[in-house]
Amino acid sequence: EREVQGTEQADVITEDQQALQERLAEAYEELPLNDLDNPDVRRAYEELAAEVLEQYDALPIKVDIFDGKGQPYAKGKKVSSAKMRQDILHNNHLFIFGTEADSFGPKGVVYDNHPLLADSGRTDENGKPMVFNDLLRAVHDYYAHSIKVTTFGPKGEEAAWATHMEMTKSPWARWALTSETRGQNSWVNFRKEVKGVPLRDRDFSEQKV
């Protein structure tokens, strides 16, 4: 029930954008690994879960939790957002990776009653139960990367974050969504120590909540 224009992917990363996302990466690094005892943080994730459920229920496609080897949308050694969009447009279908509670976040950190790890009450096309984090992956790939054509790289993820923010109503949910998308993208792609390191050789970000 909202008109979303979406954000175009930038052609280049300017010096100002580079500096901003380097600062975002530093801020993300400084976040606690688990701050769910903070009532503001918990509320942010609870409201994100509620909005993601609403967004997921509006999806007009079939969603499958991928249980094969490798990447469902691989193109050589990269993951192709174009192949994902082809699957959406031509097959009315989307693969996502399922969330494993024991590997959600960094090793040794256990999230007690995490809102994104709760059962969403939804199942994928094959009847597999989905937690809220699965719904987040589906709606982010479908809406944020497809309303406007955006890649899975640093430029595309920044535009995808902006599009997903536009369609998210709650300011609390936007807070959590920013950590889950823009924060992680900045950490993976804009830390000063990853300059010149191929994306395939970079670490994934640790979950910060």
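Residues numbered from 1 in each chain as written. Predicted model: local features only at pLDDT ≥ 70, side-chain atom pairs only at ≥ 80, totals over all residues. Heavy atoms only, no water.

1. Points about the environment of Gly121
Its location among the elements puts Gly121 in strand E5 (residues 119-123). Residue Gly121 is classed as exposed on the basis of its relative accessible area of 56%. Along the backbone, Gly121 and Val131 are 10 residues apart, and their C-alpha atoms lie at a distance of 7.8 Å. (Helix = DSSP H or I, 4+ residues; strand = E, 2+ residues; numbered from the N terminus. Buried < 20%, exposed > 50% of the residue type's maximum accessible area, 1.4 Å probe, protein only.)

2. Some words on the nonpolar core
By size, the foremost hydrophobic cluster in this structure holds 34 residues, and its most contacted members are Tyr56, Leu59, Val63, Leu94 and Leu116. Looking at this core, the elements with two or more residues in it are helix H2 (39-57), strand E1 (62-66), helix H3 (81-91), strand E4 (93-97), helix H4 (132-144), helix H5 (154-166) and helix H6 (171-190). Tyr56 has contacts with Val63, Arg122, Thr123, Met130, Leu135, Ala138 and Val139, leaving out every residue within four places of it along the chain. (Core = buried A, V, L, I, M, F, W, Y, C linked by side-chain atoms within 4.5 Å. Contact = heavy atoms within 4.5 Å.)

3. Side note on unusual backbone geometry
With a phi close to 55°, Asn92 is a non-glycine residue in the positive phi region. On the secondary structure map, Asn92 appears in the loop between H3 and E4.

4. Some points on the environment of Gln9
If you trace the backbone, Gln9 turns up in the segment before helix H1 (15-30). According to the relative accessible area criterion, Gln9 is partly exposed, its value standing at 21%. Between the C-alpha atoms of Gln9 and Gly76, which are 67 residues apart in sequence, the distance is 23 Å. Those residues within four positions of Gln9 in sequence are excluded, and the remaining contacts are Val149, Thr150, Thr151, Lys155, Gly156 and Ala159. Within the structure, Gln9 has its side chain in polar contact with the backbone nitrogen of Thr151 (distance 2.9 Å). (Polar contact = N/O pair within 3.5 Å; in protein donor to acceptor, adjacent residues only side chain to side chain.)

5. Details of H6
At Thr178, H6 shows its maximal bend, which comes to roughly 40°. Within H6, 15 of the 20 residues are buried, which leaves the element mostly enclosed by the surrounding structure. Where H6 begins, the side chain of Ser170 points an oxygen toward the backbone nitrogen of Trp172, at a separation of 3.1 Å. (Bend = angle between axes of the 7 residues up to and from the residue.)

6. Quick notes on the pattern of salt bridges
Going through the model one piece at a time under the given rule, you end up with seven salt bridges. Where Lys148 meets Glu8, a salt bridge forms, and the shortest distance between an N and an O atom there is 3.2 Å. You can see Lys148 sitting in the loop between H4 and H5 and its partner Glu8 sitting in the segment before H1, a full 140 residues away along the chain. Lys148 gets classed as partly exposed once you look at its relative accessible area, which sits at 23%. Classification of Glu8 as exposed rests on a relative accessible area of 55%. (Salt bridge = Lys/Arg side-chain N within 4 Å of Asp/Glu carboxyl O.)

7. Quick word on the side chain of Glu51
As for its placement among the helices and strands, Glu51 is situated in helix H2. Of the buried charged residues, Glu51 lacks a salt bridge, with Lys169 as the closest side chain of opposite charge at 5.2 Å. Apart from residues no more than four positions distant in its own chain, Glu51 is found in contact with Met167, Thr168, Lys169, Ser170 and Ala173. (Lys, Arg positive; Asp, Glu negative; His and termini not counted.)

8. A look at the confidence of the model for the protein chain
Of all residues in the protein chain, 92% attain a pLDDT of 70 or more, and the chain-wide mean is 90. Segment residues 204-209: pLDDT under 50, and 35 contacts once partners within four positions in sequence are set aside and those in other chains are kept. (pLDDT = per-residue confidence, 0-100.)

9. A few points about H4
Compared with the 18 Å implied by 1.5 Å per residue over 13 residues, the 17 Å span of H4 between its first and last C-alpha is a close match. Burial analysis of H4 places 12 of its 13 residues in the buried class, the great majority of the element. Every buried residue of H4 is listed here: Phe132, Asn133, Asp134, Leu135, Leu136, Ala138, Val139, His140, Asp141, Tyr142, Tyr143 and Ala144. (Expected span 1.5 Å × (residues − 1).)

10. Quick notes on the environment of Glu166
Among the secondary structure elements, Glu166 is positioned in helix H5. With relative accessibility at 25%, the residue Glu166 sits in the partly exposed group. With 21 residues separating them in the primary sequence, Glu166 and His145 have C-alpha atoms 13 Å apart. Apart from the residues within four sequence positions on either side, Glu166 is in contact with Arg2, Glu3, Val4, Gln5, Gly6 and Arg174. Within the structure, the side chain of Glu166 is placed 3.0 Å from the backbone nitrogen of Gly6, a separation counted as a polar contact.

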